[in-house]
Amino acid sequence: MAGVAAAAVLVPAHAEPSDAARTEVPVTSTSAISSVTESVVTVQIPLPESVGPHPAACDRLSYLRYRDIDGPRRSADADAVLVAQPGIFEGAGAFDSVARNTVAAAAKVGRHVEFWALDRRSNCLEDHTGILAALADEDVHRAVDYYYRNAEIDGHRFGGYLLDDRSAWLGHLGIAQTVQDEFDLLTAELPDPTVRRQKVLCGGHSLGGIITGAFAEWDFDGVAGGDQCAGYFALDSAIDTSLSALNGIPDMVDLSIGGRGYDAVTAGLDSGTLPRVLALPAVINPETMNLLGIAGLAAYLAPDTESDLAHYIPNSLDQEATYRVLMSRDAATAATGAPSVRDFRVTNAAVLGAFLDANSQPLALLQTGFGFFDGGPVAEKNFPVPGDIATIPALQGLTGTMLGPDRKAIPAAPNGPLYTWRDYDRLTDSAVPADSHGIAFTDSGQEVTDLRDLARSLAAQPLDFTEWYFPTKLASDTFQLHAPDITGRTTHPGAIDAHPTINLIGGSGIALASGHPGRGSTVVAPGYHHLDVLTAATNQNNGQPEIVSTTLARFAIHTTRPH
């Protein structure tokens, strides 16, 4: 199938890094937007010796480059270049739909823009061997065999998830290295400072907006990061140096009574007493991030086929905990494991829906709206929190930023019918069941992402959708952006307000729920969830053009200077 070619540029963890200073490899995609060409770019930009021993592949920076097929080949000749920082647990592949839609929207009015989806260095540790082989053979079992059953592929076996000293160098990958990487990549790819100042738009999704705010104010040997940008864009985020602007959680200037919290965290990361990678027992950890890719792969290859993943993947404590969080009807089910996820018949598409759709996934930062369960009865999902908690006025701020506003549902007939998935554009009022209050679980206005696009982004991108190894230091730094060790580098406080800003906010996302401050102009996308601002389909149920990409294209055209 055509999508398999996209996997040809995936790099297994054991592959030798290229000696070339810069590589660019075309990507073949099954996307319906054939007017946009995609390539994966890597640039040799070594890490400083101070980070310690690390794989040679991690001395390269990577990004996905999207451009109009009839546009200029040189990025410097484009009308605008949008450079996007990913959010937490997110890789460059997550931007696939919004990138394609934005480039195509600009081309419709005769302008050629590029979209660069950045990948953080930590993604160099991911081993995509199993996904690559499964795509090539069109058999998801190949991936499961490699990651879970010790199968050998091309003479290599999976070495496990790197939560030991093999990832110790990630303890040095905080905000300083992250913004330095963006600066170094921009100056390497667009060496003319005038081009950067007039044509580059800097932005990001979720935490990427806060990283962009720090980048704008950062001092690079006397030069402000904001001087590299003609404007800023935030995708369900805010361009700010305060995390509270994104999720309403107060910043932690200091994490210790002694007054040197930043130093305490640094010492803990250096010694290993603090984990170098953010990993929870369930849902949020490297194994689950990879599992999302495997689920996306199954939905990409065979969406309507009955899934056997829950049976075929060997059981483990992490797997069981994740299944119980995502697929338990109530606390009793979660405690006993009965009925088990293995007791339900579901298609591959329905599995992906259980993992990521807003009517099932409990965490707002992982939610999309791309359809609803079909084929059998559903019940209210009241675990890990009550399914209608969003209706409690006193909790709406918390639920909006942490849990999302949607009522949750779960298949209700174990050992019964085959549960299928009704895609976003096939929903009717009669097709959506109601909860115990007589309110429909969803409607067409809340469903904006196409399952096929989402599955392709998860499984068939050369730089994947998920981020296995999110550095703890980057997380702690973003909570402490006002700590002296960081403010000593953010010495250009006027840079954020020196250029136009557009905020593209999901009506069911996390930024609006937190009381988004709206620096610059703000456009709300009704019904969009936190990930929908990246994944929304070109054709929307309301018959209108996709609002995020068309607004972003218009902003790019009006903000940057013409030739």
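For the structure itself, consult the block above.
Cut-offs applied
- Residues numbered from 1 in each chain as written.
- Predicted model: local features only at pLDDT ≥ 70, side-chain atom pairs only at ≥ 80, totals over all residues.
- Heavy atoms only, no water.
- Pairing = 2+ DSSP bridges.
- Helix = DSSP H or I, 4+ residues; strand = E, 2+ residues; numbered from the N terminus.
- Contact = heavy atoms within 4.5 Å.
- Axes fitted to C-alpha atoms, helices over the stretch in contact; angles between N-to-C directions.
- Phe/Tyr/Trp six-rings, centres within 6.5 Å; stacked < 30°, edge-to-face > 60°.
- Buried < 20%, exposed > 50% of the residue type's maximum accessible area, 1.4 Å probe, protein only.
- Lys NZ or Arg CZ within 6 Å of the ring centre and 35° of its normal.

Colleague: For the sheet that holds strand 14 (residues 418-423), give the residues involved together with the corresponding values.
Modeller: Strand order in the open sheet made by the three strands is 10-14-11, with mixed pairing throughout. The outermost strands of the open sheet, each flanked by one partner alone, are strand 10 (345-346) and strand 11 (371-374). As paired elements, strand 11 and strand 14 share four bridges and run antiparallel to each other. Looking at the pairing, Gly-371 lines up with Asp-423 of strand 14. Taken strand by strand, helix 13 (residues 348-356) contacts strand 10, strand 11 and strand 14, and its axis lies near 70° from that of strand 14.

Colleague: An account of the packing of aromatic side chains is needed here, citing residue identities and associated values.
Modeller: Evaluation of the coordinates by the stated rule reveals 17 aromatic pairs. Seen in terms of ring centroids, Phe-158 and Tyr-161 are 5.0 Å apart; in terms of plane orientation they differ by 75°. Their pairing is edge-to-face. Its relative accessible area of 17% is what places Tyr-161 among the buried residues. Taken together, Tyr-146, Tyr-147, Phe-158, Tyr-161, Trp-468 and Tyr-469 form an aromatic cluster joined through their ring pairs. In this structure, Arg-149 is placed above the aromatic ring of Tyr-312, and the distance from its NZ or CZ to the ring centre is 4.3 Å.

Colleague: Before we move on, could you go through the sheet that holds strand 15 (residues 501-506) and cite the residues and values that matter?
Modeller: If you trace the nine strands from one edge of the open sheet to the other, you get 1-2-3-5-4-6-9-15-16, paired in mixed fashion. Sheet topology places strand 1 (22-27) and strand 16 (521-525) at the edges, where each strand pairs with a single neighbour. Strand after strand, the sheet turns through a mean of 20° between neighbouring axes, direction not considered. In this sheet, strand 16 lies alongside strand 15 in parallel orientation, the contact comprising five bridges. By the bridge assignment for strand 16, Asn-503 is matched with Thr-522.

Colleague: Got a sec to walk through helix 6 (residues 207-217)? Specific residues and values, please.
Modeller: Burial runs high along helix 6: eleven of the eleven residues are buried. Among all positions of helix 6, only Leu-207, Gly-208, Gly-209, Ile-210, Ile-211, Thr-212, Gly-213, Ala-214, Phe-215, Ala-216 and Glu-217 are buried.

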